[in-house]
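Take a look at the letters that make up each chain.
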Amino acid sequence: MIMMDGVVKRYNELIALDHFSFNAQDGEIVGLLGPNGCGKTTAINCMLSLLRFDSGDIEIFGRRVDSNNNDVKRRIGIVPQELAIFDKLNVYENIDFYCGLYIQNSKERKKLVEEAIDFVGLDKYRRFTPGKLSGGLKRRLNIACGIAHKPELLFMDEPTVAVDAQSRNFILEGVKKMKADGRTVIYTTHYLEEAEQLCDRMVIMDQGRNIAQGTVGQLQESISTQERVEVGFLTEDPGMKKRLSELPHVVKVTNKNDNYLIHFEKQENNLANLIKFIESNNLTYTDLTSERATLSDIFLELTGKELRD
Amino acid sequence: MNIFRMTYYLVSISFKDFGFWFWTLCYPLLLTGLFIMATSNMTVGELENIDVGIQEDQELTEVIEEIDFINMTVMSEEEAVSEMKQGDISGYIHGDNTLLVTESGFDQTVLEMVINQIEKVAGSGIPYENYDFEAQFIEENSQEAQPEAVLFYSLIAMIAFYGIFSGIEFMSSMQPNLDPMGARFAASPYSKVKFLSASVLGALILNLATNFLILAVIIILYKINLFTELGPTLGLLFIANLTGIGLGLIIGLLPKINAGMKTTVSVIFIIGLAALSGLMGPFIKIILIENNLTWVNTLNPLARLTDTMYKINFLGNYDDYWATIGMLIGYAAVFFSITLLSLRRKQYDSI
């Protein structure tokens, strides 16, 4: 559905997209992950043919992007990062306005607007202007304005920024429903837990480059840290960190509050080896948890920095 | 969505905006009130039928005879004094181009100015017959004689250009490099020509409505008859509205400046043009601009509009009516063309 190949976009000296490539298939939710300023929004704007790019190719629905191609535009929806709604129009009017940019027929539009209002749960607020809505409800309205015309391909740029937990869950469930309806969603975020929960595949971006892509499993396989074990001991031992780092297959040991966070390479018996170490040294542990590498670990290892740096 | 639905939404957006009402209605009404207080007892009417007596064989006889708004009668000084006492004539020209009056007033001021102007023309060596009193004398000097009228006409010229605000608002909100709503709009297949048409129609509806309200207040509430030629004046105002909207659309396109800042700058710009066209009294326009920077008055659409409204309503003179309409249409055509060409530029270097 989308093929982006070696796209370069410069703003004077700054390279916003550096030979950026990625693709998305029909019915997928693809996450574009990266810190603020990594080029996610620029990539979307290039795909939407809003931004001129310096080199590379972009195809959507098998056709090169072209700002004059209204047939392609008709099949695309956009939920921008900033709220793009009219303060002076109420919920219904806002959705009707944006839906009207795509749908001429007033009866069909009315039906679609009603469906969008139901979809985002704003029926009670249909006569409210945005000023009377909470931040979360405004975000839902922002989404409704982008999806009312039922696009096959939807670009959602950080749709859950500054949203309360209830609205965030509502939005995430909505995105899942859209996928169930067969729509393709390009979802940018810097909330890794959202991406893990939502996306079929992810593209990790840093400084305008695609530094890794794949499913969570594929990304986990691609890095050296495969497992993290957090352990806390009853008694303090200044030499404990060093002793833990000498265990087999340990990549590194870091402190996490009063506990130790041990990063292991991919091996079968990492936890068993640690327990054996604890028993043989007569140590009493207060915490012991194990988890596979998270997206945060993946991002940290690939870029050398935390996602929210 | 058809043009009318789009127009409805654009009108709704401005209609609910306090800023729009303040600048297009409250502020002009406030100015109107101030002008009314400052110019109490003003009775503006068409400059016509000033009756004057003139001594037999007086050297100005031929010239005065050519001036449409002066009714001249040859008589003796005694007859003239008697007629002036009865209020039948406003003055008597005799001797060495001297004006005899028994009271002072607007007619007497105009007659005095006419005589001064004729002497000035004679002094400069221009034959009297080559001098266009309608175009030159009346436009300049009678505006000095009736500064109140100029204030109101320049105020009306200013509000006719207030379509600029809606133009800025509509265009700024639909530019992806200025507003996130613009990204949605530009990414949609909606026709730019339809959007431009709806913007112009919406702005026109809003601004004409406020213009009519202000004119109604001036004519009905304050009972000032500024419009002896109402139809042609409304024609002028309609075209001026289009020009103002076109200017607003162009300003709305300017990158990297938000709509609020553009509106502020436009308010100052329009007030500046209005001041040059007589909003602060005709002194700036006539003395400073007309005598020193003639091209400013020629190019300033508000000055042209003020002059033309004054001439057609106050003097019944249509000499430059169509030229003014042509100039305003010309400005509007340039503004709309640039806007359409810019809107057709669908991709941006930065957003």
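Values in this document were obtained by computation on a predicted structure and should not be read as measured data.

### Digging into the interface of chain B and chain A
Across the boundary between the two partners, chain B contributes 30 residues, which contact 37 residues of chain A. Buried surface at the junction of chain B and chain A, both sides included, amounts to about 3,100 Å², of which 58% is carbon and sulfur. Linking chain B with chain A are 2 salt bridges. The salt bridge involving B:Arg5 is made with A:Asp96; its shortest N-O contact spans 3.1 Å. Taken together, the connections running from chain B to chain A amount to 9 residue pairs in polar contact (both at pLDDT 80 or more).

### Things to note about the domain arrangement of chain B
Domain annotation for chain B reports domain 1 (3–39 + 145–345) and domain 2 (50–130). One C-alpha centre belongs to domain 1 of chain B, the other to domain 2 of chain B, and the line joining them spans 41 Å.

### A closer look at the packing of aromatic side chains
What the rule picks out here adds up to 24 aromatic pairs over all chains. Ring plane angle 35° and centroid distance 6.0 Å describe the contact between A:Phe20 and A:Phe22, whose orientation is recorded as tilted. Across this residue pair, the class does not change: A:Phe20 and A:Phe22 are buried. Consider the rings of B:Phe35 and B:Phe152, whose centres lie 5.8 Å apart with planes at 85°: the pair is edge-to-face. Placement of B:Phe35 in helix 2 (residues 18–38) and of B:Phe152 in helix 7 (residues 147–160) is noted, with a sequence separation of 117 residues between them. Through a chain of ring-to-ring contacts, three or more aromatic side chains come together here, namely B:Phe18, B:Phe22, B:Trp23, B:Tyr27, B:Tyr162 and B:Phe165. The ring of A:Tyr98 carries the charged tip of B:Arg184 above its face, separated from the ring centre by 5.0 Å. Note that B:Lys192 overlies the ring of B:Phe185, its terminal NZ or CZ placed 5.4 Å from the centroid.

### Remarks on the packing of helix 10 (residues 192–221) of chain B against helix 11 (residues 230–253) of chain B
Residue and element names in this part refer to chain B. Running from amino to carboxyl end, helix 10 crosses helix 11 at an angle of 130°, the nearest separation of the two axes being 9 Å. It follows from the interaxial angle that helix 10 and helix 11 lie oblique. For helix 10 against helix 11, the interelement crossing comes out right-handed. Where helix 10 approaches helix 11, its residues Leu-196, Ser-199, Val-200, Ala-203, Leu-204, Asn-207, Leu-208, Asn-211, Phe-212 and Leu-215 are matched on the opposing element by Leu-234, Leu-237, Phe-238, Asn-241, Leu-242, Ile-245 and Leu-249. The residue makeup of the contact of helix 10 with helix 11, split by class, is 13 nonpolar, 4 polar and no charged.

### So, the pattern of salt bridges
Applying the stated criterion across every chain yields a total of 19 salt bridges over all chains. Across the pair A:Lys40 and A:Glu158 runs a salt bridge whose closest N-O atoms are separated by 3.4 Å. Placement of the pair is A:Lys40 in helix 1 (residues 40–47) and A:Glu158 in the loop between strand 7 (153–157) and helix 6 (165–180), with a sequence separation of 118 residues. Assigned by exposure class, A:Lys40 and A:Glu158 land together as buried. Between A:Lys150 and A:Glu115 there is a salt bridge, with its nearest N and O atoms 3.0 Å apart. Of this pair, A:Lys150 sits in the loop between helix 5 (135–147) and strand 7 while A:Glu115 sits in helix 4 (residues 106–120), and the two are 35 residues apart along the sequence. Classification of A:Lys150 as partly exposed rests on a relative accessible area of 43%. Several salt bridges share partner residues, and in doing so they unite A:Asp96, A:Arg109 and B:Arg5 into one network.

About the thresholds
Residues numbered from 1 in each chain as written. Chains lettered and ligands numbered in written order. Predicted model: local features only at pLDDT ≥ 70, side-chain atom pairs only at ≥ 80, totals over all residues. Heavy atoms only, no water. Contact = heavy atoms within 4.5 Å. Buried area = accessible area lost by both parts, 1.4 Å probe. Salt bridge = Lys/Arg side-chain N within 4 Å of Asp/Glu carboxyl O. Polar contact = N/O pair within 3.5 Å; in protein donor to acceptor, adjacent residues only side chain to side chain. Domains from an automatic or database assignment. Phe/Tyr/Trp six-rings, centres within 6.5 Å; stacked < 30°, edge-to-face > 60°. Buried < 20%, exposed > 50% of the residue type's maximum accessible area, 1.4 Å probe, protein only. Helix = DSSP H or I, 4+ residues; strand = E, 2+ residues; numbered from the N terminus. Lys NZ or Arg CZ within 6 Å of the ring centre and 35° of its normal. Axes fitted to C-alpha atoms, helices over the stretch in contact; angles between N-to-C directions. Parallel < 35°, antiparallel > 145°, perpendicular 65-115°, else oblique. Left-handed = near helix turned anticlockwise from the far one by under 90°. Nonpolar A, V, L, I, M, F, W, Y, C, P; charged D, E, K, R; others polar.

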